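Residues per chain, in single letters:
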Amino acid sequence: MFEGKSLFEILNMGGWTLYILLIISILSISIILLKIVEFRKKSIKNIDSLLAEIKVLVNKKEIFKAIQYCETMNKPVSNAIIAGLKKFLETNTSHIEETMRRTMSIEVVKLEKYTTFIATIGAVSVYIGLFGTVLGIIRSFHDISLAGSGGISVVIGGVSESLIATAAGLCVAIPAVVAYNFFTRAIDKFVVEMEYALSALKEIIESVLNNE
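Rules of the game
- Each chain has its residues counted from 1, following the order in which its sequence is written.
- The model is predicted, so local features are restricted to residues of pLDDT at least 70 and side-chain atom pairs to those at 80 or more, both for listing and for counting; the totals for chains, interfaces and linings are taken over all residues.
- As a convention, hydrogens and water are excluded, and side-chain values are obtained from all of the structure's heavy atoms.
- Helix and strand labels come from DSSP, where a helix needs a run of H or I of at least four residues and a strand needs a run of E of at least two; each type is numbered from the N terminus.
- Whether a residue is buried, partly exposed or exposed follows from its accessible area with a 1.4 Å probe, protein chains only, as a fraction of its type maximum: under 20%, in between, or over 50%, in that order.
- With residues, only the protein chains shown are counted as cover, and all accessible areas are computed by Shrake-Rupley using a 1.4 Å probe.
- To estimate the expected span of a helix, count its residues, drop one, and scale the result by 1.5 Å.
- Contact between two residues is taken to exist if any of their heavy atoms lie within 4.5 Å; hydrogens are not considered.
- The set of buried Ala, Val, Leu, Ile, Met, Phe, Trp, Tyr and Cys residues whose side-chain atoms join them within 4.5 Å is what this entry labels a nonpolar core.

S.K.: Residues and numbers for the overall build of the chain, please.
M.R.: Helix and strand counts for the chain come out as 8 helices and 0 strands. Helices and strands in the chain line up, N terminus first, as α-α-α-α-α-α-α-α. Taken over 212 residues, the chain has a buried fraction of 39%. Accessible surface computed for the chain: about 12,400 Å², of which carbon and sulfur atoms make up 64%.

Okay, structure coming up:
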């Protein structure tokens, strides 16, 4: 069906909805790639190693060094730890949970940026494809009625061309849904790591305060 046809001709077969799907597919792929790179940069290989280094510095009362060490990483976990350490410097208590949770909320919002757009593409593109198919079928039957002739082969030819829009919608939707689920699980992992860091940092600070 597509033999000898250019991309422009194939897009015309599916109608104007294919142009919309082409645009949102480019946007979807671009955002997916950007988020993958972002998540790889913000992930931490060994959180226990980070916390062990923080524990050593805090036990030595070198809080500023601990903060500077975390600042070089620029990751959600390290940013949450920075907030807790700064609160400890201000109050000299282990009451750091509220401050760290505020920072955690900010980090989650940053991580979720554009993910809802991916989810929307995954949900809407299928319907855009179906809409294009329905319009194509209507157009095919309208052309047949105007011509006053046409057998089953003409009808099937028109319907098969219209189904291109549905196929294109699925091709856009499936990667978007898979990517959204992947990003959601990745964000949940970041949250678990930050919760773990919060609990560990509280224990470290409480231990230091008890030994004073």
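S.K.: A description of helix α3 (residues 47-59) should follow, citing residues and the corresponding values.
M.R.: Relative to the 18 Å expected for 13 residues at 1.5 Å per residue, α3 spans 18 Å between its end C-alpha atoms, a close match to the ideal helical length. K61, located one to two residues past α3, shows a positive phi value of around 65°.

S.K.: How would you explain the side chain of T115 if you had to name every residue and give the values?
M.R.: Among the structural elements, T115 can be located in helix α7 (residues 115-147). Residue T115 is classed as buried on the basis of its relative accessible area, which comes to 5%. Discounting chain neighbours no more than four positions away, the residues touching T115 are K35, Y180, F183 and I187.

S.K.: So what's going on with the nonpolar core? Residues and values would help.
M.R.: Across soluble globular proteins, nonpolar side chains show a tendency to be buried alongside one another. Core analysis: the largest hydrophobic core is formed by 48 residues, its most contacted members being I54, V77, I81, L85 and L201. Taken together, the elements giving at least two residues each to this core come down to α2 (16-42), α3, α4 (63-71), α5 (76-91), α6 (97-112), α7 and α8 (152-210). The dominant element in this core, judged by the number of residues it contributes, is α8, at 17 residues. Among all residues touching I81, those that are not within four sequence positions of it are L50, L51, I54, C70, M100, A197 and L201.

S.K.: Give me unusual backbone geometry: which residues, what numbers.
M.R.: The backbone of N74 shows a phi angle near 55°, a positive value even though the residue is not glycine. Along the chain, N74 turns up in the loop between α4 and α5. Of note in this structure, N92 is not a glycine but carries a positive phi near 55°. Note on placement: N92 falls in the loop between α5 and α6. Note on N92: relative accessible area 42%, which makes it partly exposed.

Any functional reading would require information that these geometric values do not contain.
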